[in-house]
Amino acid sequence: MDIATADTQPKNRVALTINGNRQDLEIHPWVTLLDLLRGPMQLSGTKKGCDHGQCGACTVLVDGERVNSCLKFAVTLDGAEITTIEGLGTPDEMHAMQKAFVEHDAYQCGYCTPGQICSAVALLKEGHASTREEIREMMSGNICRCGAYVNIADAIEDVMGQGSGASQKEAAE
């Protein structure tokens, strides 16, 4: 379908809360969450890597769960709450996981970092990982071509330890 034809196709209404802001949108049914975020929403932090759900660069939080946004049609998420890297924190008030990634140099080129951070935040909320091996296994859906895996695991362990008696879920928030 060419661009001119696409504009004449019907659109669907969808209401999403993106980074705390409600958005009432009319979108084509084939628009992925990734393309919606990077296009009309102008949230370029979420990266397009493989566009096949294999690299994790596009990971965002949907109702608190990690999702490969390249695999989700936006129209299927009516009423959902979406959190991207931009919604986790700001340069002046970073989320604990963002701070840990900076402190542990858990990035090199930085391309995978937004997806890695969103996935790590969800990992802690899930509460399934308690060892470094479990962290590495649960983060295996997020690929880092630069190989910063050791530092990524260090950052996640650091945030897990910040709970000091609190649950992993509380440490992630």
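Residue numbers here run from 1 along each chain, matching the order of that chain's written sequence. Note on the predicted model: pLDDT of at least 70 is required for a residue's local features to be given, and 80 or more for side-chain atom pairs to be given and counted; whole-chain, interface and lining totals, by contrast, use all residues. Excluded from the side-chain calculation are hydrogens and water; included are all heavy atoms of the structure.

### A word on the pairing of strand 4 (residues 65-68)
(1) Moving on: A strand pair is defined by DSSP finding two or more bridges across the two strands. Going along the chain from the N terminus, every DSSP run of H or I of four or more residues is numbered as a helix, and every run of E of two or more is numbered as a strand. Of the strand pairs in this sheet, strand 3 (residues 59-62) and strand 4 are connected by four bridges, and their pairing is antiparallel. Pairing of Thr-59 across the sheet is with Asn-68, part of strand 4.
(2) Moving on: In this structure, the hairpin formed by strand 3 and strand 4 is closed by a connection of two residues, where Asp-63 is found at a positive phi of approximately 50°.

### A look at the packing of helix 4 (residues 96-103) against helix 5 (residues 113-126)
(1) Moving on: With axes taken as lines fitted to C-alpha atoms, and helix axes fitted only over the stretch in contact, angles between N-to-C directions fall between 0 and 180 degrees. Where helix 4 meets helix 5, the axes come as close as 10 Å, and the angle between the chain directions of the two elements is 125°. In this view, helix 4 runs oblique relative to helix 5, as classed from their interaxial angle. For the element pair helix 4 and helix 5, the recorded crossing hand is right-handed. For the pair helix 4 and helix 5, contact is made by Met-97, Gln-98 and Phe-101 and by Thr-113, Gln-116, Ile-117, Ala-120, Val-121 and Leu-124, respectively. Small angles under 35 degrees read as roughly parallel and large ones over 145 as roughly antiparallel, with 65 to 115 read as roughly perpendicular and the rest as oblique. Handedness of a helix crossing follows the sense of rotation of the near helix relative to the far helix, less than a right angle counterclockwise being left-handed and clockwise being right-handed. Here a residue-residue contact requires only that any non-hydrogen atoms of the pair lie within 4.5 Å.

### A closer look at helix 7 (residues 149-162)
(1) Moving on: Each residue after the first adds 1.5 Å to the expected span of a helix. With 14 residues, helix 7 should cover 20 Å at 1.5 Å per step; its first-to-last C-alpha distance of 20 Å lies within 8% of that length.
(2) Moving on: Note on exposure labels: buried denotes an accessible area under 20% of the residue type's maximum, exposed denotes more than 50%, and partly exposed covers the range between, all computed with a 1.4 Å probe on protein chains only. All buried positions along helix 7 are accounted for by Ile-152, Ala-153, Ala-155, Ile-156, Val-159 and Met-160. Along the long axis of helix 7, the arc covered by the buried residues comes to 160°, so they all point the same way. Arc definition: directions from the helix axis to the C-beta atoms.

### Things to note about the pattern of salt bridges
(1) Moving on: Just to be clear on terms, a salt bridge is a Lys or Arg side-chain nitrogen sitting within 4 Å of an Asp or Glu carboxyl oxygen. Following the criterion strictly, the structure yields seven salt bridges and no others.
(2) Moving on: Here Arg-13 and Glu-26 are joined by a salt bridge, their closest N and O atoms 3.1 Å apart. Taken together, the residues span a long stretch of sequence, with Arg-13 in strand 1 (residues 12-18) and Glu-26 in strand 2 (residues 21-27) at a distance of 13 residues.
(3) Moving on: On the accessibility criterion, Arg-13 (68% relative accessible area) is exposed.
(4) Moving on: Accessibility expressed as a relative area gives 46% for Glu-26, which makes it partly exposed.
(5) Moving on: Lys-48 is the salt-bridge partner of Asp-51, the closest N and O atoms lying 3.6 Å from each other.
(6) Moving on: In this structure Asp-51 comes out as partly exposed when scored by relative accessible area, which is 34%.
(7) Moving on: Residue classification places Lys-48 among the partly exposed residues on the basis of a relative accessible area of 33%.

### Examining helix 4
(1) Moving on: Within helix 4 the residues assigned to the buried category are Ala-96, Met-97, Gln-98, Ala-100 and Phe-101.
(2) Moving on: Asp-105 occupies a position one or two residues after helix 4 and carries a positive phi of about 50°.

### Quick notes on the environment of Ser-69
(1) Moving on: Along the polypeptide, Ser-69 turns up in the loop between strand 4 and strand 5 (81-83).
(2) Moving on: Ser-69 gets classed as buried once you look at its relative accessible area, which sits at 0%.
(3) Moving on: C-alpha of Ser-69 to C-alpha of Leu-36: the two residues are 33 residues apart in sequence and 9.4 Å apart in space.
(4) Moving on: Dropping the residues within four chain positions of it, Ser-69 is found in contact with Thr-32, Leu-33, Leu-34, Thr-46, Cys-58 and Val-60.

### Details of the nonpolar core
(1) Moving on: Here, the term nonpolar core denotes a set of buried Ala, Val, Leu, Ile, Met, Phe, Trp, Tyr and Cys residues that are joined through side-chain atoms within 4.5 Å. If you look at the biggest cluster of nonpolar residues, it comprises 26 residues, and the most contacted ones within it are Met-97, Ile-152 and Ile-156.
(2) Moving on: Every element with two or more residues in this core is listed here: helix 3 (85-88), helix 4, helix 5 and helix 7.
(3) Moving on: No other element matches the seven residues that helix 5 contributes to this core.
(4) Moving on: Excluding residues within four positions of it along the chain, Ile-152 makes contact with Phe-101, Ala-106, Gln-116, Met-139 and Cys-144.
(5) Moving on: Counting 18 residues, the second-largest nonpolar core is a separate cluster that includes Val-14, Leu-16, Leu-43 and Leu-77.

### Some remarks on the sheet that holds strand 5
(1) Moving on: The five strands lie next to each other as 2-1-5-3-4, forming an open sheet whose pairing is mixed. Every other strand in the sheet has two partners, leaving strand 2 and strand 4 as the edge strands with one partner each. Along the sheet, successive strands turn relative to each other by an average axial angle of 40°, direction set aside.
(2) Moving on: Across seven bridges, the pairing between strand 1 and strand 2 is antiparallel. In the sheet register, Asn-12 faces strand 2, and the bridge partner there is Ile-27.
(3) Moving on: Against the sheet, helix 5 makes contact with strand 3, strand 4 and strand 5, and its axis sits at roughly 40° relative to strand 3, the strand it touches most.

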